[in-house]
Amino acid sequence: GTASKTYDGLLTVSLASTNYLLSGVASGDSLTVNQAQGTLSSKDVGTGITVTAALAPADFVAGSGTQLSNYSLPSTQVSGAIGVVNPKTLTVSLIGTTSRVYDGSLNATLTPQNFSLSGFVGDDQLTVTQTQGLYASKNVGTQISVSAALTSSNLAASGAARVSNYALPATVAGGIGVITPRALT
């Protein structure tokens, strides 16, 4: 089976006895491995990542009716391409204000400063580049709800952060909209 986790910036991954396939066990006997931690070859999001685990004789457990003394238990390293690291979903909120003069449309213009992101691992930082949003109302007012659709293509990395390690919610909304009256001449 696979050994999967959400991106956390670490190379460690939890393993279960089902992650190990033993060969050479006599018919009618059963052995399992209880080494519960492995090391990924990459901390970044992906599938088929190599996982390595160090096994010692103490990591083998005999099933009912099986005696460990009947086997020469190895101290060895085993590996397999069973690792899966899934993207970490960030929390996003709209902050500040976006304002415009009444024009009869629902269109809102957003800047990276209108997005607050949280949930990063370590020193990772990303910026939201989505510049289009929608006012909930086309009419003059303050604290109008503004919403924006988000995808991973709306993220830009800064520093060593990798965009692929993170996911955004599909939409974000907040009462940051201001529409002012249009002057007539």
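The structure displayed is predicted, hence computed values, not measured ones. (Residues numbered from 1 in each chain as written. Predicted model: local features only at pLDDT ≥ 70, side-chain atom pairs only at ≥ 80, totals over all residues. Heavy atoms only, no water.)

Caption draft 1: Broad picture of the pattern of salt bridges. Taken as a whole and assessed by the stated rule, the structure comprises four salt bridges. Residues R162 and D44 are paired through a salt bridge, measuring 2.8 Å at the closest nitrogen-oxygen approach. Here R162 is found in the loop between β16 (155-158) and β17 (166-167), whereas its partner D44 is found in the loop between β4 (37-40) and β5 (46-55), with 118 residues between them in sequence. A salt bridge links D103 to R100, with the shortest nitrogen-to-oxygen separation between them at 2.8 Å. Connected through shared salt-bridge partners, K43, D44 and R162 make up one network. (Salt bridge = Lys/Arg side-chain N within 4 Å of Asp/Glu carboxyl O. Helix = DSSP H or I, 4+ residues; strand = E, 2+ residues; numbered from the N terminus.)

Caption draft 2: Fine view of the pairing of β5. In the sheet, β4 pairs with β5 via two bridges, with the strands oriented antiparallel. Bridging from a neighbouring strand, L40 pairs with V51 of β5. Hairpin remark: β4 followed by β5, antiparallel, with five residues in the connecting loop. Where β5 and strand β7 (residues 76-86) come together, eight bridges link them in antiparallel fashion. The residue of β7 that forms the bridge with T47 is V84. (Pairing = 2+ DSSP bridges.)

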